[in-house]
Amino acid sequence: MTTTTTFRVRALPAATLETVRRTGRDAADRPVEALVAGGGEPLRCCLRDAEAGESLLLFGYAPPGAAGPYREVGPIFAHTAACRGPEPADGHPPAWRGRPQVLRAYDRRGRIHGGRLHDGTDPETVIAELFADPAVHQLHSRNVVYGCFMFAVERAAG
């Protein structure tokens, strides 16, 4: 018998990005940096890698779900101007399939509750295994080398 866990991937919230663009300040109240993409920077607004020459922002972001001492502010890239957001797709971002990631689990109090490294070939299975623990409320996908937040994964309603 196969068990499937339905989930939703959440990119950087548009309202958060609008605030950063409007104020020029990040989650730590530091100035946002503008730069031109060299190519390959992981964009949290549309869940793909940047192409060389795109106008980007680099700023500190505190992802949702982590609280107290587990709340972290880390660097992320996003487009300078509003973009379409992620391509409509169910599941893991297609542009990042095959990329090794760490999935860090959080409970409802915002505390780390385990996690797993996966090689990117079948992230859905790892997500389902982590969500099999009823104490897990949300997952954060993170870059293996730098530890940067990539996107949030939540249980789908229903």
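None of the values given here were measured: they were computed from a predicted structure. (Residues numbered from 1 in each chain as written. Predicted model: local features only at pLDDT ≥ 70, side-chain atom pairs only at ≥ 80, totals over all residues. Heavy atoms only, no water.)

1. Considering the overall build of the protein chain
Then, number 1: The helix and strand inventory of the protein chain stands at two helices and 10 strands.
Then, number 2: Each helix and strand of the protein chain, placed in order from N terminus to C terminus, yields the pattern β-α-β-β-β-β-β-β-β-α-β-β.
Then, number 3: For the protein chain, the C-alpha radius of gyration of 15 Å lies close to 15 Å, the compact-globule estimate for 158 residues.
Then, number 4: Taken over the C-alpha atoms alone, the protein chain extends approximately 50 × 30 × 30 Å along its principal axes.
Then, number 5: Restricting the contact set of the protein chain to residue pairs at least 6 apart, pairs at least 24 apart contribute 57%.
Then, number 6: Of the roughly 8,600 Å² of accessible surface on the protein chain, 52% is carried by carbon and sulfur atoms.
Then, number 7: If the 19 positive side-chain charges of the protein chain are averaged to one point and the 18 negative ones to another, these points end up 6 Å apart. (Helix = DSSP H or I, 4+ residues; strand = E, 2+ residues; numbered from the N terminus. Rg over C-alpha atoms; globule rule 2.2 N^0.38 Å. Contact = heavy atoms within 4.5 Å. Areas by Shrake-Rupley, 256 points an atom, 1.4 Å probe, with all protein chains shown as cover. Lys, Arg positive; Asp, Glu negative; His and termini not counted. Charge placed at Lys NZ, Arg CZ, Asp CG, Glu CD.)

2. Description of the nonpolar core
Then, number 1: L12, L43 and F59 are the most contacted members of the largest nonpolar core, which totals 18 residues.
Then, number 2: The dominant element in this core, judged by the number of residues it contributes, is strand 5 (residues 55-61), at four residues.
Then, number 3: Filtering out sequence-adjacent residues up to four positions away, F59 remains in contact with L12, L17, V20, D26, V32, G74, P75, I76 and A78.
Then, number 4: Formed by 15 residues, the second largest nonpolar core is a distinct cluster that contains W96, I127, F131 and F151. (Core = buried A, V, L, I, M, F, W, Y, C linked by side-chain atoms within 4.5 Å. Buried < 20%, exposed > 50% of the residue type's maximum accessible area, 1.4 Å probe, protein only.)

3. Some remarks on the sheet that holds strand 10 (residues 149-155)
Then, number 1: Reading across from one edge, 1-10-9-7-8 is the order of the five strands in this open sheet, with antiparallel pairing throughout. Looking at strand neighbours, the two that pair on one side only are strand 1 (7-10) and strand 8 (112-118), the edges of this open sheet. Sheet twist, expressed as the mean angle between neighbouring strand axes with direction ignored, is 25°.
Then, number 2: Inspection of the sheet shows strand 9 (residues 138-143) paired to strand 10 by five bridges, in the antiparallel sense. Residue pairing in the sheet places H140 in a bridge with A152 of strand 10. (Pairing = 2+ DSSP bridges. Axes fitted to C-alpha atoms, helices over the stretch in contact; angles between N-to-C directions.)

4. A look at the pattern of salt bridges
Side chains that differ in sign of charge can pair as their charged atoms come close.
Then, number 1: Considering all chains together, one arrives at 10 salt bridges under this definition.
Then, number 2: For E124, the salt bridge goes to R97, with nearest N and O atoms at 2.4 Å. Of this pair, E124 sits in helix 2 (residues 123-131) while R97 sits in the loop between strand 6 (74-79) and strand 7 (101-106), and the two are 27 residues apart along the sequence.
Then, number 3: For E124, a relative accessible area of 24% corresponds to the partly exposed category.
Then, number 4: We classify R97 as partly exposed; its relative accessible area is 38%.
Then, number 5: Linking R109 and D107 is a salt bridge whose minimum nitrogen-to-oxygen distance equals 3.9 Å.
Then, number 6: Looking at R109, the relative accessible area reads 58%, which means it is exposed.
Then, number 7: On the basis of relative accessible area, D107 is assigned to the buried category, the value being 13%.
Then, number 8: What emerges from the salt-bridge pattern is a single network uniting E72, R104 and R142. (Salt bridge = Lys/Arg side-chain N within 4 Å of Asp/Glu carboxyl O.)

5. Here we look at the side chain of H79
Then, number 1: Examined against the element boundaries, H79 turns out to sit in strand 6.
Then, number 2: Taking the relative accessible area as the measure of exposure, H79 reaches 8% and is therefore buried.
Then, number 3: A polar side-chain atom of H79 sits 3.3 Å from a polar atom in the side chain of R48.
Then, number 4: Side-chain polar atoms of H79 contact the side chain of E54, separated by 2.7 Å.
Then, number 5: Setting aside residues up to four positions removed in sequence, H79 forms contacts with R21, L43, C45, C46, R48, E54, S55, L56 and L57. (Polar contact = N/O pair within 3.5 Å; in protein donor to acceptor, adjacent residues only side chain to side chain.)

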